[in-house]
Each structure stands twice: as structure tokens, then as C-alpha cells.
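# Residue-level structure breakdown
Listed below are the residues making up each chain.
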Amino acid sequence: MAAMLSDAPQLLAYRELLHRSPQLQSMLSLRSCIQDPSSALQRGILEPLDALCRERQLQVDGAGLIILIDGLNEAEFHRPDYGDTLTSFLSRNIQKFPSWLKVITTVRTSQEDITGSLPFHHISLDRMEENNAIDQDLQVTCCLIVCLTFYLSVYLYIFMSVLCYFLSGLPDAADPQ
């Protein structure tokens, strides 16, 4: 999780902290994570992020930042013989997350019972007729993605055309002129 978070552009300060802190790297080592995963989460991720936020080194806008855990039900296929599942680990530790750090999880409707212990609001995309706002949001999002994809393809085409134009004017490295 720390590696994924450190790749986020909004958390550049966290990445820099990870690179310069051997103590933090040790807290997040595989051995530490196996021995005490809750402590690794708390002391290796949540506390440093919260400290960076308090020091205004993170760009946390009004609603905060979001961590998306997609396919929570898929983690059930890799259920350990002992210890926590991802869901039970999250349930035990979610109260430790700073208020500005939101968590969104997705799960298949057929397995939504695994989220019963999580203190989250539930929104079902399978039952959109219950909430017209969800349907409208999805339609707007889909239209936006389609429009952006079109514009990105146009810009990419223009960029590639310009690049080919400039490259075609360069002498060939294999040409002995």
C-alpha cells in the first residue's frame, strides 16, 4: 500500500520521506508487515501522512484524498489460513485513518455480505433505479470519458504527425553523407 501511495503525484512528499527515512522503510518491510500489520499501517503510512498533512506538505483539498480498494471480494479468494482477511484488517483499522483520508471499496453485489463489518455507506450500481442521481452521475462520467478519449486521440495524432515531420527532416544515421 505504501508503494502505491508513494506513486501518487499528490503524495510526492510521502515518497520523499520514504526515500530518506531508513526507519520508515524498516517499519514497512515485509517482516514488519507480517509481524504486526496494524502497527505497520499506523506507524508506516497513516502517521507519516497525517504529519505531512499537518505540516502542509501534502496538497489535501476540501474533501481530502481518496484511497480506492477495487475488488475487495477478490481478496477473499486469497484468504489466509490464519489472521485477518483484507476486509477484517480494514474493519479493525479504519478508525485510525485521518478524517481527510477517505476509503472507497468496491465489491461484487453477490458478495457484498463481506462488507458488513465496514462502517461505510453502501451504494449499489446494480440497483440504480433506487437512486436517479447515481444513474445521472454515471451517464455524465461515461460521456466525459468518451469526450476526453476523443480529444486525447486527436492530440496524440497531431503530436505524432509533428514528430514524424521533424524526424523525417533529420539525416539518417546509416547514411554516410
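Scroll up a little and you will see the structure.
Summary of the structure given here. (Residues numbered from 1 in each chain as written. Predicted model: local features only at pLDDT ≥ 70, side-chain atom pairs only at ≥ 80, totals over all residues. Heavy atoms only, no water.)

### A look at the pattern of salt bridges
- One pass over the structure, following the stated rule, counts two salt bridges.
- Of the charged contacts in the structure, one is a salt bridge between D50 and R54, with a shortest N-O distance of 3.0 Å. With D50 and R54 both in helix α5 (residues 37-54) and four residues apart, the pair spans about one turn of that helix.
- Residue class for D50 comes out partly exposed when judged on its relative accessible area of 24%. (Salt bridge = Lys/Arg side-chain N within 4 Å of Asp/Glu carboxyl O. Helix = DSSP H or I, 4+ residues; strand = E, 2+ residues; numbered from the N terminus. Buried < 20%, exposed > 50% of the residue type's maximum accessible area, 1.4 Å probe, protein only.)

### Let's talk about helix α6 (residues 86-93)
- Turning to α6, its buried residues number three or more, namely T87, F89, L90, S91 and N93.
- Considering only its buried residues, α6 is in contact with α5, β1 (65-69) and β2 (101-105). (Contact = heavy atoms within 4.5 Å.)

### Quick word on the side chain of S38
- Position of S38 among the secondary structure elements: in helix α5.
- A distance of 3.2 Å separates polar atoms of two side chains, one belonging to S38 and the other to N93. (Polar contact = N/O pair within 3.5 Å; in protein donor to acceptor, adjacent residues only side chain to side chain.)

### Some details on the pairing of β2
- Burial of β2 is one-sided: the residues L101, V103 and T105 facing one way are buried, the residues K102 and I104 facing the other way are not.
- Strand direction decides the pairing type here: β1 and β2, joined by five bridges, are parallel. In the strand pairing of β2, I69 is matched with T105. (Pairing = 2+ DSSP bridges.)

### As for the packing of helix α2 (residues 12-20) against α5
- In the contact formed by α2 and α5, the axes pass within 10 Å of each other and the chain directions differ by 120°. Relative to α5, the element α2 lies oblique. Here α2 runs over α5; the crossing is right-handed. Residues A13, Y14 and L17 of α2 form the contact with α5, whose own contacting residues are G44, I45, P48, L49 and L52.
- When its residues are assigned to classes, the contact of α2 with α5 shows seven nonpolar, one polar and no charged. (Axes fitted to C-alpha atoms, helices over the stretch in contact; angles between N-to-C directions. Parallel < 35°, antiparallel > 145°, perpendicular 65-115°, else oblique. Left-handed = near helix turned anticlockwise from the far one by under 90°. Nonpolar A, V, L, I, M, F, W, Y, C, P; charged D, E, K, R; others polar.)

### A short note on the nonpolar core
- In terms of nonpolar packing, the biggest core is built from 29 residues, with Y14, I45, L49, L58, F97 and L101 touching the most fellow members.
- The set of elements that each furnish at least two residues to this core consists of α1 (2-6), α2, α5, β1, α6 and β2.
- No other element matches α5, which puts six residues into this core. (Core = buried A, V, L, I, M, F, W, Y, C linked by side-chain atoms within 4.5 Å.)

### Remarks on the side chain of T87
- Summarising the element assignment, T87 is placed in helix α6.
- Among the residues examined, T87 registers a relative accessible area of 4% and is labelled buried.
- Setting aside its immediate chain neighbours within four residues, T87 contacts L72, E76, I114, S117 and L118.

### A word on α5
- Spanning 18 residues, α5 covers 24 Å between terminal C-alpha atoms, matching the ideal 26 Å at 1.5 Å per step.
- Among all positions in α5, only S38, S39, A40, L41, G44, I45, L46, P48, L49, L52 and C53 are buried.
- Buried residues along α5 sit against α1, α2, α3 (22-27), α4 (30-35), α6 and β2.
- R56, located one to two residues past α5, shows a positive phi value of around 60°. (Expected span 1.5 Å × (residues − 1).)

### Some points on the layout of surface pockets
- There is about 1,000 Å³ of room inside the largest pocket.
- Residue lining of the largest pocket: 31 residues in total, with I104, T105, H121, H122 and I123 positioned closest to the centre.
- Counting residues per element, the ones that place at least two in the lining of the largest pocket are β1, β2 and α7 (132-168).
- Classifying every residue of the lining of the largest pocket by side-chain character gives 16 nonpolar, nine polar and six charged.
- Its volume calculated, the second largest pocket comes out at about 810 Å³.
- Along the walls of the second largest pocket sit 27 residues, with M1, A2, I45, I69 and L86 positioned nearest its centre.
- In terms of residue count, β1 provides more of the lining of the second largest pocket than any other element does, five residues in total. (1 Å grid on protein atoms, 1.4 Å probe; cavity = no way out; pocket = protein on both sides within 12 Å on 5 of 7 lines; lining within 4 Å. Points joined across faces, edges and corners; volume = space filled by probe spheres on them.)

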